[in-house]
Amino acid sequence: MGTVEHLGRGAGRISGDLGDLVPSPHPRSRAPQQPDRVRTIVRGAGEALITLGLVLLLLVIYEVYWTDLVSAGKQEDATSALDTRWHDKAADDPGRQDHFTGLGEGDGFAKMYIPSFGADFQFTIVEGTTEQSLEIGPGHYTKTAYPGQPGNFAVAGHRVGKGAPFNDINLIQSCDAIVVETQYSWYVYRMLPLVEEKQGWAQAKGTDPKCKGVAPLGGPYAELDGQHIVPPTDGGVIAPIPPVGGTPPSEGEMASLMTLTTCHPRFSDKERLIVHAVLTKQWAKDPAKPDERPPELEETI
Amino acid sequence: MYAWIWRHLPGPMAVRVVLAAGLVVGAVALLMFVVFPWLEPVLPFNNVTTE
């Protein structure tokens, strides 16, 4: 019974409301000028805040999705330009030696693969680390070594948006392969031991067959770890002897390293995440078998 | 602001809706292609290189 009563009361109220909506012949007199202006200001402020919120939302979409789309197109263009160049130049270079001269800012010159990130992790590395170059893909620090050369082949890449090549770079583990393909060679770099793995490396992780050729480096490289976080001002990480900086006394003592840099933590540029790898193997491409790929690319687990 | 724009759009309802949609698309395009690309390098979250 109570329900019926309730419904009845409600219905009565609704009909009452409807009655109010019927235009009355004597419109309610407007409030004086003052409250109207207040209402306009408050409404204007509210609309401005809603608009600002929408613009910020759009900025997030731009950063995280839109730049990815734009960069994917640029990366594709760079890759096909590189493929064409490799194909055209192959005929007139009987020595089959990689040359990295005459590279302009933003020109692709190598491809990188991280098999443990999946078979589809592939990026064309471009020359230079300007904002424009990094929109295309991972960018090579122009003053550092090139793939396979003694020294430090250093590459920067975005972690958020712009294709985000180094999005998950913190998940790479020691001994994971970073394969670099050039016109005539495949270079297999592997991440160096982490600081906590260095102790007893030979008995522990070092026994993994993947870790052949990877061990804590001695001499001037004693302080070098596979992965670390540094302030943005620390340029030593891309020096021939990271992280302290400087150059070894002679070419013979210079290790062939690869260094990846990206921002840290994600969505911030407060610090830099650095990954160091050492060259463990080089495969020369066989001109008779152009589709041959190194076995390291199958390490997808 | 929005009410003011709506009042100043000419034509019948259908035309006003199309014009309003056009204004929204224009504003989004201006942000996406001009404002954000300019703003982006200034913002502190996508510098990946060391000095």
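If you're wondering where the values come from, they're calculated on a predicted model, not measured in any experiment.

What follows covers the overall build of chain B. For chain B, the helix and strand inventory stands at two helices and zero strands. Relative to the compact-globule value of 10 Å for 51 residues, chain B shows a C-alpha radius of gyration of 18 Å, a clear excess of over 25%. Expressed as lengths along the three principal axes of its C-alpha atoms, the size of chain B is roughly 60 × 15 × 10 Å. With 51 residues in all, chain B has 18% of them scored as buried.

Moving on: the side chain of A:Lys162. Relative to the elements of secondary structure, A:Lys162 occurs in the loop between β4 (151-156) and β5 (177-181). When neighbours within four sequence positions are excluded, A:Lys162 is seen to be in contact with A:Thr67, A:Asp68, A:Ser71, A:Glu131, A:Leu134, A:Glu135, B:Glu40 and B:Asn46.

Right, let's talk about the state of the cysteines for a bit. Residue and element names in this part refer to chain A. Counted by the stated rule, this structure contains one disulfide over all chains. Across a sulfur-sulfur distance of 2.0 Å, Cys175 and Cys211 are joined as a disulfide pair. The S-S bond linking Cys175 to Cys211 shows a torsion near 110 degrees; that makes this disulfide right-handed. Here the residue Cys175 occupies a position in the loop between β4 and β5, and Cys211 occupies one in the loop between β6 (185-191) and β7 (227-230), the gap between them amounting to 36 residues. Here Cys175 and Cys211 have matching classes, each one buried.

Now for unusual backbone geometry. Residues and elements named next belong to chain A. Omega for the peptide link from Pro242 to Pro243 comes to -5 degrees, which places this bond in the cis form. Tracing the sequence through the fold places Pro243 in the loop between β7 and β8 (256-264). Positive phi is not limited to glycine here, since Lys162 has a value of about 55 degrees. Its identity as a non-glycine residue notwithstanding, Cys175 has a phi of 75 degrees, on the positive side.

With that settled, the discussion passes to the interface of chain B and chain A. Contacts between the two partners involve 20 residues from chain B, matched on the other side by 33 residues from chain A. Between chain B and chain A lies a buried interface of about 2300 Å² when both sides are counted; carbon and sulfur atoms form 60% of it. If you sort the residues of chain B by the area they bury against chain A, B:Met32, B:Val48 and B:Thr50 come out on top, with a joint share of 27%. One can count one salt bridge joining chain B with chain A. Two residues, A:Lys162 and B:Glu40, come together in a salt bridge whose shortest N-O distance is 2.7 Å. Here chain B is connected to chain A by four residue pairs in polar contact (both at pLDDT 80 or more). Mapped by element, the contributors of at least two residues to the side of chain B that touches chain A are α1 (2-8) and α2 (13-39) of chain B. With seven residues, α2(B) is the largest single contributor of residues to the side of chain B that touches chain A.

Let us look at the confidence of the model for chain B. Averaged over every residue, the pLDDT of chain B is 89; residues scoring 70 or more account for 98%. This complex was scored by the predictor with a pTM of 0.82 and an ipTM of 0.89.

Rules behind the numbers
- Residues numbered from 1 in each chain as written.
- Chains lettered and ligands numbered in written order.
- Predicted model: local features only at pLDDT ≥ 70, side-chain atom pairs only at ≥ 80, totals over all residues.
- Heavy atoms only, no water.
- Helix = DSSP H or I, 4+ residues; strand = E, 2+ residues; numbered from the N terminus.
- Rg over C-alpha atoms; globule rule 2.2 N^0.38 Å.
- Buried < 20%, exposed > 50% of the residue type's maximum accessible area, 1.4 Å probe, protein only.
- Contact = heavy atoms within 4.5 Å.
- Disulfide = S-S within 2.5 Å.
- Buried area = accessible area lost by both parts, 1.4 Å probe.
- Salt bridge = Lys/Arg side-chain N within 4 Å of Asp/Glu carboxyl O.
- Polar contact = N/O pair within 3.5 Å; in protein donor to acceptor, adjacent residues only side chain to side chain.
- pLDDT = per-residue confidence, 0-100.

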